[in-house]
Amino acid sequence: MPTKSALITGICGQDGRYLSELLLSKGYEVHGTIASRAPGVGEADENLFYWDLSDGTNLQQIFKETQPDEVYNLAAQSHVRLSFELPIHTANVTGVGTLRVLEAIRQFQETSGKQIRFYQASSSEMFGQVKHSPQNEDTPFHPRSPYACAKVFGFWQTVNYRESYGMFACNGILFNHESPFRGEAFVTRKITRAAARIKVGLQQKLKLGNTQARRDWGFAGDYVDAMWKMMQQDEADDFVVATGVTHSVQDFLEIAFGHLDLDLEEVVETDQSLFRPAEVDTLCGDASKAREKLGWEPKVSFEELVRMMVDRDLKIAERDAASR
Ligand code: F7E
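Fair warning: this is a prediction, and the values are worked out from it, not measured in the lab.

> Would you mind showing me how to read the nonpolar core here?
Side chains that are nonpolar tend, in soluble globular proteins, to be buried together. Ranked by internal contacts, the top residues of the largest apolar core, which has 68 residues, are Leu19, Leu23, Tyr72, Tyr119, Ile191 and Phe257. The element that contributes the greatest number of residues to this core is helix H7 (residues 220–231), accounting for 8 residues. For this core, the domains that each give at least three residues are domain 1 (5–178 + 218–241) and domain 2 (187–214 + 245–283 + 300–322). Residues contacting leucine 23, with those up to four places away along its chain left out, are Ala6, Ile8, Tyr28, Val30, Tyr72 and Trp228. Core analysis: the next-biggest nonpolar cluster, separate from the first, contains 20 residues, Val93, Leu102, Phe108 and Met167 among them.

Put into structure tokens, the structure is as follows:
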């Protein structure tokens, strides 16, 4: 079989990292786009292309050079609280950016005759103020942030390109997924990094917002496998990807700090500025369809995930402490 080519937008993010590893292990030729502000900028790499979701112009050139069979759209302004401060930017990048990719694929297919499969990184944040629990593919959306509104726009554009042009375009509705490579602004990594730094004496306090919020947290390494499986189906479809188990931020905190024998009470403080204008109180996904049709299931448990993240952050903190 000829080597397949994949293009991953946002390849330097957590999911881009795990997905490129997976695709390389399957023999794909992997290309990625990187925003000009991303880490590692300026380093020459023939498989990396500078591109941003706000830019509609050079995608045709990137497609010409990479000839992708599959495009995974993982790039986004993905921080929910930041989206309240940058609503227009988030709509332009996370929402209209998805449409830019879809439209570029449609035009490229028309001129080149090549078929490209498209994966959209849709989000459980679209369920927002949940109408039913657990949430599945039929649960109505009620987005609660500029980020979630932008993701709803991207979701429906993906469905529309599938229905209007017969494109293979699918949505993975992924619930929160974490790993040691999670960005430090997300609550899980913020907690594991702080626990490790407190343990070695590099940090004294941890300020958090709403610790009563509940999320369905899984391991990013498991979730990229679901993305790939969706792209190998005979027909494009939309799938919820989740563990079906929900925990509070407080639960996460207790396991992380407990793993390092640290006392929570003395170090964790509430900071009102970290609360959101509108909160998503609780999310819990029903991934039955992914289990049945994709044969997918999560492998890493919540407790294993927390410990995996703390252990890596402890190594980093010990190294940082030693180099002081
Ligand atoms: O917040 C609460 C916060 O920022 C989780 C993104 O990947 O998953 C992620 O969105 C919860 C919220 O993730 C802090 O209020 C308390 O209830 O880790 P998070 P998120 O907003 O759920 C979805 C699926 C995506 O699509 C998004 O792109 O934790 N929380 N205190 C805090 N959150 C943060 N970030 N920082 C705090 O200090």
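> Which parts of the structure should I look at to understand the site of the ligand?
Contacts to the ligand come from 24 residues, most closely from Ser78, Ser123, Tyr147, Arg276 and Glu279. Side-chain polar atom of serine 123 to an oxygen atom of the ligand: 2.6 Å apart, as the coordinates give it. In the environment of the ligand, an oxygen atom lies 2.6 Å from a nitrogen or oxygen atom belonging to the side chain of tyrosine 147. When the ligand sits alone it has 700 Å² of accessible area, and the protein chains cover 96% of it. In terms of residue class, the shell around the ligand is built from 10 nonpolar, 7 polar and 7 charged. Shared between two domains, the shell around the ligand takes at least three residues from each, and those domains are domain 1 (5–178 + 218–241) and domain 2 (187–214 + 245–283 + 300–322).

> I'm lost on the packing of helix H1 (residues 14–25) against H7 in this one. Help?
To describe two helices that pack against each other, one gives the angle between their axes and the distance between the axes. Between H1 and H7, the least distance of the axes is 9 Å, while the angle of their chain directions is 60°. Comparing their axes, H7 and H1 come out oblique. Crossing handedness for the pair H1 and H7: right-handed. Each of Gln14, Asp15, Tyr18, Leu19, Leu22 and Leu23 in H1 lies in contact with H7, whose residues at this interface are Ala220, Gly221, Val224, Asp225, Met227 and Trp228. When the residues that make up the contact of H1 with H7 are grouped by side-chain class, the tally is 8 nonpolar, 2 polar and 2 charged.

> How do you make sense of the layout of surface pockets when you look at a structure like this?
The gaps of empty space that remain are located by a probe, the size of a water molecule, rolled over the atoms. The computed volume of the second largest pocket comes to approximately 160 Å³. Together, 11 residues line the second largest pocket, and Ile11, Val30, Asp45, Asn47 and Leu48 are the ones closest to its centre. Of all the secondary structure elements, the ones that give two or more residues to the lining of the second largest pocket are H1 and strand S2 (29–34). Here the lining of the second largest pocket gets 3 residues from one element, more than from any other, and that element is S2. Looking at the lining of the second largest pocket, its residues break down into 7 nonpolar, 3 polar and 1 charged.

> Where do I start with the sheet that holds S2 in this structure?
Neighbouring strands of a sheet are bound in pairs by backbone hydrogen bonds; such pairs are parallel or else antiparallel. Here 7 strands make up an open sheet; going across it, the order is S3-S2-S1-S4-S5-S6-S11 and the pairing parallel. Where the open sheet ends on each side, the last strands, each with one partner, are strand S3 (48–50) and strand S11 (239–241). The average angle at which neighbouring strand axes cross in this sheet is 20°, direction not considered. Examined bridge by bridge, S2 and S3 share 3 bridges and lie parallel to one another. Bridge pairing in S3 links threonine 33 to phenylalanine 49. Along the sheet face, helix H4 (residues 87–112) touches strand S4 (70–73), strand S5 (117–123) and strand S6 (169–174) and points at about 170° away from the line of S5.

> How do you make sense of the packing of aromatic side chains when you look at a structure like this?
Pairs of aromatic rings are described using the distance from one ring centre to the other and the angle between the two planes. Applying the stated criterion to the full structure yields 14 aromatic pairs. Both rings, one in tryptophan 217 and one in phenylalanine 252, keep their centres 5.7 Å apart while their planes meet at 55°; by these two values the pair is tilted. Residue tryptophan 217 is found in the loop between strand S9 (214–215) and strand S10 (218–219), and its partner phenylalanine 252 is found in helix H8 (residues 249–259); the two are separated by 35 residues along the sequence. Of the aromatic side chains, those joined through ring pairs into one cluster are Phe127, Phe141, Phe155, Trp156 and Phe175.

> I would appreciate a short explanation of the domain arrangement of the chain in the present structure.
Quoted interface sizes are often the accessible area lost when the parts come together. What the domain assignment lists for the chain is domain 1 (5–178 + 218–241) and domain 2 (187–214 + 245–283 + 300–322). Taken residue by residue, the interface counts 18 residues in domain 1 and 16 residues in domain 2. Between domain 1 and domain 2, a total of about 1,400 Å² is buried, with carbon and sulfur atoms accounting for 64% of that surface. Listing elements by their share of the side of domain 1 that touches domain 2, those giving two or more residues are helix H3 (80–85) and S10. Of the residues belonging to the side of domain 1 that touches domain 2, the class tally is 6 nonpolar, 7 polar and 5 charged.

Calculation rules
- Residues numbered from 1 in each chain as written.
- Predicted model: local features only at pLDDT ≥ 70, side-chain atom pairs only at ≥ 80, totals over all residues.
- Heavy atoms only, no water.
- Core = buried A, V, L, I, M, F, W, Y, C linked by side-chain atoms within 4.5 Å.
- Buried < 20%, exposed > 50% of the residue type's maximum accessible area, 1.4 Å probe, protein only.
- Helix = DSSP H or I, 4+ residues; strand = E, 2+ residues; numbered from the N terminus.
- Domains from an automatic or database assignment.
- Contact = heavy atoms within 4.5 Å.
- Near = heavy atom within 4 Å.
- Polar contact = N/O pair within 3.5 Å; in protein donor to acceptor, adjacent residues only side chain to side chain.
- Areas by Shrake-Rupley, 256 points an atom, 1.4 Å probe, with all protein chains shown as cover.
- Nonpolar A, V, L, I, M, F, W, Y, C, P; charged D, E, K, R; others polar.
- Axes fitted to C-alpha atoms, helices over the stretch in contact; angles between N-to-C directions.
- Parallel < 35°, antiparallel > 145°, perpendicular 65-115°, else oblique.
- Left-handed = near helix turned anticlockwise from the far one by under 90°.
- 1 Å grid on protein atoms, 1.4 Å probe; cavity = no way out; pocket = protein on both sides within 12 Å on 5 of 7 lines; lining within 4 Å.
- Points joined across faces, edges and corners; volume = space filled by probe spheres on them.
- Pairing = 2+ DSSP bridges.
- Phe/Tyr/Trp six-rings, centres within 6.5 Å; stacked < 30°, edge-to-face > 60°.
- Buried area = accessible area lost by both parts, 1.4 Å probe.

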